[in-house]
Amino acid sequence: MLTATGKSIVSGIAVGNIKIYRKPDRSISDALVEDREAELKRFEDAVETVIDQQNDLYDKAVEEAGEDNAAIFQVHAMMMEDDDLLDAVKDCIKEEGHSAEYAVRQSFEDVAHMFEEMENEYMRARSSDIRDLENATLDALMGIGPEGLQGTEPSILVADDLAPSETISLDKSLILGIVTKGGSTTSHTAILARTMNIPTVIQCQEIDDTWDGMTAVVDGYNSSIYVNPTADILKVMLERQEQDKKEEALLKDLKGKESVTVDGRKIKIYANIGGPEDVEAVLENDAEGVGLFRSEFVYLNTKGNPPSEEEQFNAYKEVLEALAPRKVVIRTCDIGADKQVGYMNLDQEANPAMGFRAIRICLTRKDFFKTQLRALLRASAYGNLAVMFPMIISVRELVSARELMDECRKELEQEGVPTGPVEVGIMVETPAAVLIADDLAEHCDFFSIGTNDLTQYTLAVDRQNDKLDPFLDTHHPAVLKEIKETVEAGHRHGIWVGICGELGADRELTDQFLRMGVDELSVNPKSVLKVRKVVRGLDLSLPEKVEEENFH
Ligand code: PEP
Ligand code: MG
């Protein structure tokens, strides 16, 4: 047996076989080929394969997402028949003697760059389509298939690191546990793992390719991985798994009960979700609403293009209808920083966390933002919707976002499209927002405190950098003071204040949050009943327990 350790971000026990997640290696040699005709034939076969794939995807998408959303695959198939593109590849093979892979990379990249240079936003976005097709053609030439990435059996996924876009596109039903070499506790990959409630250990340096296929246990309680476990360890771990199931069953007794302290103080416990696929977990764990729907995961889920108004409308409507009359707070697109999508064509930045992200993108690319606002307003007719804007640092930003929303509402009214009432709030996740909370409160209906970013910006600790973990004090008095001041400012102006960052689920702080007057905690679905249990055991008429002395 081999024991490896890391840092646990989701507790629980997973037992199964390891599947090493390998990113496709599309490195290409520039060596010349001997048989140019054979190379041309390989390219022509690959083109046919890609066209067939795109047509199959079109048929699947028509069934699952409707004709409009499927059209992109038809466009892709047509692009693969474009004579200029095909001739460029063939010339590179015939005249220069390059391999089909080399010729595809050169010619497709030329076209992608050409699109990137265009003025028109729609045409610029076509560069992502060309790159999708480039990868599909290279995969056909190199025999890379999607099944190689995840396997077909439920397994423990082991990877160097996972980008949020990779995590979101994984088939969750095939993942028992996750182990990564990199990763940080509040990265979005970690957040997704928590939402999916999959035992996860990150920062495990001992990961080794030879583990592929071996039996292993992920022990999320002790931040350990046992590869090839002994019979004794396996027995203990399976017993612990059994115990977990029993405890979960006990927590279920709290379903339908109020989140109220012994002395009668009520608090709302909502859930954080990433899309319609998480609705079941919200209901299963009896969350009173959704306090943070990270809509950008809808954007990470579409390849090649941002989700259309129709696609977004369907996703939001599905969640609102399924959860009505519960409140659903949808955060507008928070793309950028660690949540990158190719089709946005965002520049590489030296400091992406402090860069062109979230509301900054939305207020710059107004048409892009209006597509989302229209979809949200249309969906508001189907449930109890609240919308909030991320990364706000000024009243001007909030007012501009609201003006765009009003513009969209007027457009929809003129088109005769029904809309419902919508509460509008902001995420308080920058120290600037805390400091001007009184001014901001005059222009919105609620605050939701994003402690993940607020902690990162207050302590100047990059949440993506795992080396900084020793410097990350999640209970830092500066952050707790900011939370308290935000609640007080909100209440001075008669608006409700919640916490939707990971700190909201920290049960060591539940007592303090209630005493500060926090109105709502939005936590990962699996934590809802655990937090409710703590709330029901608290008595705020008794003196507060003081946290142990800490060196701050
Ligand atoms: C936060 O910053 O606390 C938050 C909830 O948003 P995200 O984690 O998605 O940045
Ligand atoms: Mg944030």
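Note that the structure is a prediction, hence the values are computed from the model and not measured. Counting from 1, residues in each chain are numbered in the order their sequence is written. Ligands are numbered from 1 and chains lettered from A, in the order in which they are written. The predicted nature of this model means local features are confined to residues of pLDDT at least 70 and side-chain atom pairs, given and counted, to a pLDDT of 80 or more, with totals for whole chains, interfaces and linings taken over all residues. The side-chain numbers reported here are obtained from all heavy atoms of the structure, hydrogens and water having been left aside.

S.K.: Could you give an account of the coordination of the magnesium ion (ligand 2), with specific residues and numbers?
M.R.: A donor here means an N, O or S atom no more than 2.8 Å from the metal, or no more than 3.2 Å when the metal is Na, K or Ca. Since water is not included, a site may seem to lack partners. Distances from the magnesium ion (ligand 2) to its protein donors, Glu429 (OE) and Asp453 (OD), fall within 2.0 to 2.1 Å. Highlighted residues: Glu429 in the loop between β13 (422-428) and α16 (431-435) and Asp453 in helix α18 (residues 451-459), separated in sequence by 24 residues. You'll find Glu429 and Asp453 in the same group, each marked buried. A run of H or I in DSSP becomes a helix once it reaches four residues, and a run of E becomes a strand once it reaches two; helices and strands are each numbered from the N terminus. Using a 1.4 Å probe on the protein chains alone, a residue whose accessible area is under 20% of its type maximum counts as buried, one over 50% counts as exposed, and one in between counts as partly exposed.

S.K.: Explain the pattern of salt bridges residue by residue, including any values.
M.R.: The rule for a salt bridge is simple: a side-chain nitrogen of Lys or Arg has to be within 4 Å of a carboxyl oxygen of Asp or Glu. Counted according to the given criterion, the structure contains 37 salt bridges. Between Arg194 and Glu502 there is a salt bridge whose closest N-O contact spans 2.4 Å. Taken as a pair, Arg194 in helix α8 (residues 188-196) and Glu502 in the loop between β15 (496-499) and α20 (510-516) lie far apart in primary sequence, 308 residues in all. With respect to class, Arg194 is no different from Glu502; both count as buried. Two residues, Arg374 and Glu415, come together in a salt bridge whose shortest N-O distance is 2.9 Å. One end of the pair, Arg374, is in helix α14 (residues 366-379); the other, Glu415, is in the loop between α15 (395-414) and β13, and 41 residues separate them in sequence. By relative accessible area, which is 14% here, Arg374 ends up buried. Residue Glu415 is classed as partly exposed on the basis of its relative accessible area, which comes to 47%.

S.K.: Which residues make up the site of ligand 1, and what values do they have?
M.R.: Around ligand 1, the structure places 16 residues, and the nearest of them are His188, Arg294, Arg331, Asn452 and Arg463. Counting of polar contacts relies on pairs of N or O atoms within 3.5 Å, with two restrictions inside protein: one atom must be capable of donating a hydrogen and the other of accepting it, and residues adjacent in sequence are counted only when both atoms are side-chain atoms. Between ligand 1 and the protein, one listed contact pairs an oxygen atom with a side-chain N or O atom of Arg294 at 2.8 Å. Between an oxygen atom of ligand 1 and a main-chain N or O atom of Asp453, the distance comes to 2.9 Å. Method remark: on a 1 Å grid restricted to protein atoms, a set of points is classed as a cavity if a 1.4 Å probe fits but cannot get out and as a pocket if it is open with protein on both sides within 12 Å along at least five of seven lines; lining residues have an atom within 4 Å of a point. The rule for placing a molecule in a cavity or pocket is simple: more than half of its atoms must lie within 2 Å of the grid points. A majority-of-atoms criterion places ligand 1 in the largest cavity. Listed by contribution, the elements that provide at least two residues to the shell around ligand 1 are α8, β10 (289-294) and α18. The element that contributes the greatest number of residues to the shell around ligand 1 is α18, accounting for 3 residues. For the shell around ligand 1, the class distribution of residues is 4 nonpolar, 5 polar and 7 charged. The near set for a molecule or strand comprises every residue that places at least one heavy atom within 4 Å of it. Any residue that is not Ala, Val, Leu, Ile, Met, Phe, Trp, Tyr, Cys, Pro, Asp, Glu, Lys or Arg is counted as polar, Gly included; the first ten are nonpolar and the last four charged.

S.K.: I'd love a proper account of the pairing of strand β14 (residues 446-449), names of residues and values included.
M.R.: With burial as the criterion, each face of β14 is covered, one bearing Phe446 and Ser448 and the other bearing Phe447 and Ile449. Direction of pairing for β13 relative to β14: parallel, over a ladder of 4 bridges. Its bridge partner being in β14, Gly425 is matched across the sheet by Phe446. For two strands to be treated as a pair, DSSP must find no fewer than two bridges joining them. For β14 and β15, the ladder comprises 4 bridges, and the chain directions are parallel. The residue of β15 that forms the bridge with Ser448 is Gly498.

S.K.: Explain the packing of helix α3 (residues 83-94) against helix α4 (residues 100-116) to me, and be specific about the residues and the numbers.
M.R.: To define axes, lines are fitted to C-alpha atoms, for helices over the stretch in contact only, and angles between the resulting N-to-C directions are given on a 0 to 180 degree scale. Here α3 crosses α4 at 140°, and the two axes come no closer than 8 Å. Here α3 lies oblique to α4, going by the angle between them. In the packing of α3 onto α4, the handedness of the crossing is right-handed. Note on element contacts: α4 touches α3 through Ala100, Tyr102, Ala103, Val104, Ser107, Phe108 and Val111, opposite Leu85, Ala88, Val89, Cys92 and Ile93. Here the contact of α3 with α4 is composed, by residue class, of 11 nonpolar, 1 polar and no charged. Our angle categories are set so that under 35 degrees counts as roughly parallel, over 145 as roughly antiparallel, 65 to 115 as roughly perpendicular, and the remainder as oblique. Throughout, a crossing is termed right-handed when the near helix is turned clockwise from the far one, and left-handed when it is turned anticlockwise from it by less than a right angle. The contact definition used throughout considers only heavy atoms, calling two residues in contact when any of these lie within 4.5 Å.

S.K.: Give a detailed account of the nonpolar core, specifying residues and quantitative values.
M.R.: Nonpolar side chains in soluble globular proteins tend to end up buried together. Phe389, Phe447, Ile483 and Phe513 are the most contacted members of the largest nonpolar core, which has 89 residues in total. A per-element tally of this core places α14 first, with 7 residues. With near-sequence residues (within four places) excluded, Ile483 lies in contact with Ile449, Thr451, Ile499, Leu503, Phe513, Met516 and Val518. With 26 residues, the next largest nonpolar core counts Phe43, Ala46, Ala77 and Ala112 among its residues. What makes a nonpolar core is a set of buried Ala, Val, Leu, Ile, Met, Phe, Trp, Tyr and Cys residues whose side-chain atoms join them at distances within 4.5 Å.

S.K.: Talk me through the pairing of β10; I want residue IDs and the actual numbers.
M.R.: Where burial is concerned, most of β10 is hidden: 6 out of the 6 residues are buried. As paired strands, strand β9 (residues 268-273) and β10 are joined by 3 bridges and run parallel to one another. Across the sheet, the residue bridging to Ile273 is Phe293, located in β10.

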